[in-house]
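A look at the structure
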Amino acid sequence: MGVLLDREEQANSCFAGQVKQLEPVMAQESTGKTVAFFYISSNGYVNVRKSGDYVAEMIDLAGGTYVPRGLTENENALSTMNMQMESFYAAARDADYIIYNSTIDGELDNLSQLLEKSSLLADFKAVKEGNVWCTEKSLFQETMGLGGYDFGYPPHTDRGGARRPRYMHRLR
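Residues numbered from 1 in each chain as written. Predicted model: local features only at pLDDT ≥ 70, side-chain atom pairs only at ≥ 80, totals over all residues. Heavy atoms only, no water.

**With respect to the environment of Leu 78**
We apply this condition: Secondary structure counts use DSSP, requiring at least four H or I residues in a row for a helix and at least two E residues in a row for a strand, with both numbered from the N terminus.
Inspection of the secondary structure assignment puts Leu 78 in the loop between β3 (64–67) and β4 (80–83). With 29 residues separating them along the chain, Leu 78 and Arg 49 place their C-alpha atoms 9.1 Å apart.

**A few points about the pattern of salt bridges**
Our working rule: By convention in these notes, a salt bridge is any Lys or Arg side-chain nitrogen within 4 Å of a carboxyl oxygen on Asp or Glu. Buried, partly exposed and exposed residues are distinguished by accessible area as a fraction of the type maximum, computed with a 1.4 Å probe on protein chains only: under 20%, between the cut-offs, and over 50%, respectively.
The tally for this structure, following the rule as stated, stands at five salt bridges. Asp 53 serves as the salt-bridge partner of Arg 49, at 3.3 Å between the closest nitrogen and oxygen. Taking relative accessible area as the criterion, Asp 53 reaches 7% and is therefore assigned buried. In this structure, Arg 69 and Asp 60 form a salt bridge, with 3.2 Å as the shortest nitrogen-oxygen distance. Note on Arg 69: relative accessible area 47%, which makes it partly exposed.

**Thoughts on unusual backbone geometry**
Geometrically, the link from Val 67 to Pro 68 is a cis peptide bond, its omega value of 0 degrees lying close to zero. As for its placement among the helices and strands, Pro 68 is situated in the loop between β3 and β4. At Asp 6, a residue that is not glycine, the phi angle is positive and equals roughly 60 degrees. For Asp 6, the position within the fold is in the segment before α1 (8–27).

**Points about the packing of aromatic side chains**
The line we're drawing: Stacked, tilted and edge-to-face pairs are distinguished by plane angle, under 30 degrees for stacked and over 60 for edge-to-face with tilted covering the rest, among Phe, Tyr and Trp rings (Trp via its six-membered ring) whose centres lie within 6.5 Å.
Evaluation of the coordinates by the stated rule reveals four aromatic pairs. Seen in terms of ring centroids, Phe 38 and Phe 88 are 4.8 Å apart; in terms of plane orientation they differ by 45 degrees. Their pairing is tilted. Placement of the pair is Phe 38 in strand β1 (residues 33–40) and Phe 88 in helix α3 (residues 85–92), with a sequence separation of 50 residues. With centroids separated by 5.5 Å and ring planes inclined at 85 degrees, the aromatic side chains of Phe 38 and Tyr 100 adopt a geometry described as edge-to-face. Separated by 62 residues along the polypeptide, Phe 38 in strand β1 and Tyr 100 in strand β5 (residues 97–100) bring together distant segments of the chain. Like Phe 38, the residue Tyr 100 is buried in the burial classification. Ring pairing ties together the aromatic residues Phe 38, Phe 88, Tyr 89, Tyr 100 and Phe 124, which thus form one cluster.

**Thoughts on the nonpolar core**
Stated precisely, the cut-off is as follows: What makes a nonpolar core is a set of buried Ala, Val, Leu, Ile, Met, Phe, Trp, Tyr and Cys residues whose side-chain atoms join them at distances within 4.5 Å. Working rule for contacts: check all heavy atoms of both residues, and any pair within 4.5 Å makes them a contact.
By size, the foremost hydrophobic cluster in this structure holds 34 residues, and its most contacted members are Phe 38, Val 48, Phe 88, Ile 98, Tyr 100 and Leu 114. If one sorts the elements of this core by residue count, β1 sits on top with six residues. With near-sequence residues (within four places) excluded, Tyr 100 lies in contact with Phe 38, Tyr 39, Ile 40, Asp 105, Leu 108, Leu 114, Lys 117, Trp 133, Cys 134 and Thr 135.

**Section: the pairing of β5**
The condition is simple: Strand pairing is defined by DSSP finding a minimum of two bridges between the two strands.
Sheet topology places β1 next to β5; four bridges connect them, and they run parallel. Residue pairing across strands places Phe 38 opposite Tyr 100, the latter belonging to β5. Across three bridges, β5 lies against strand β6 (residues 132–135) in parallel orientation. Directly across from Ile 98, in β6, lies its bridge partner Val 132.

**What about the pairing of β6?**
Sheet faces and side chains relate simply in a regular strand, where the side chains alternate between the two faces. Neither face of β6 is left uncovered, since the one carrying Val 132 and Cys 134 and the one carrying Trp 133 and Thr 135 both have all their residues buried. Direction of pairing for β6 relative to strand β7 (residues 168–170): antiparallel, over a ladder of three bridges. By the bridge assignment for β7, Cys 134 is matched with His 169.

Structure below.
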């Protein structure tokens, strides 16, 4: 964008600042925790990111392991793919965390709303352990905020004053 607007130096400086914010994240070791990122379409398919997609890479960069792994199905240029719920269940039921991508069909306020989409999710490890999150609807519109810790850490607080990630909220 900097080249198009004749502001290449400013763009490079901004990019360097974002990289600097990511340095602590890139230096940390893997947590060993697994994370599934998905949404459920109106026809019941589970839409997931392919393993090489930037969301999957961000999860890996933050110390997690994206599941399901090895998704390159259809070898097309799309970064997402649809799965049957049963296949998703088999691949992600033991995930430590699940993140529901609400940018497509609207934010969820509570866990019951997610379970209405599929009761099979109640059997997931993350659901049983209370590690279910939902993205804010603005996740992909606010790209400048994704550097550093903004994706996974405060400055935002929830209604009870607890610190929470800027672009996600826990479903209870």
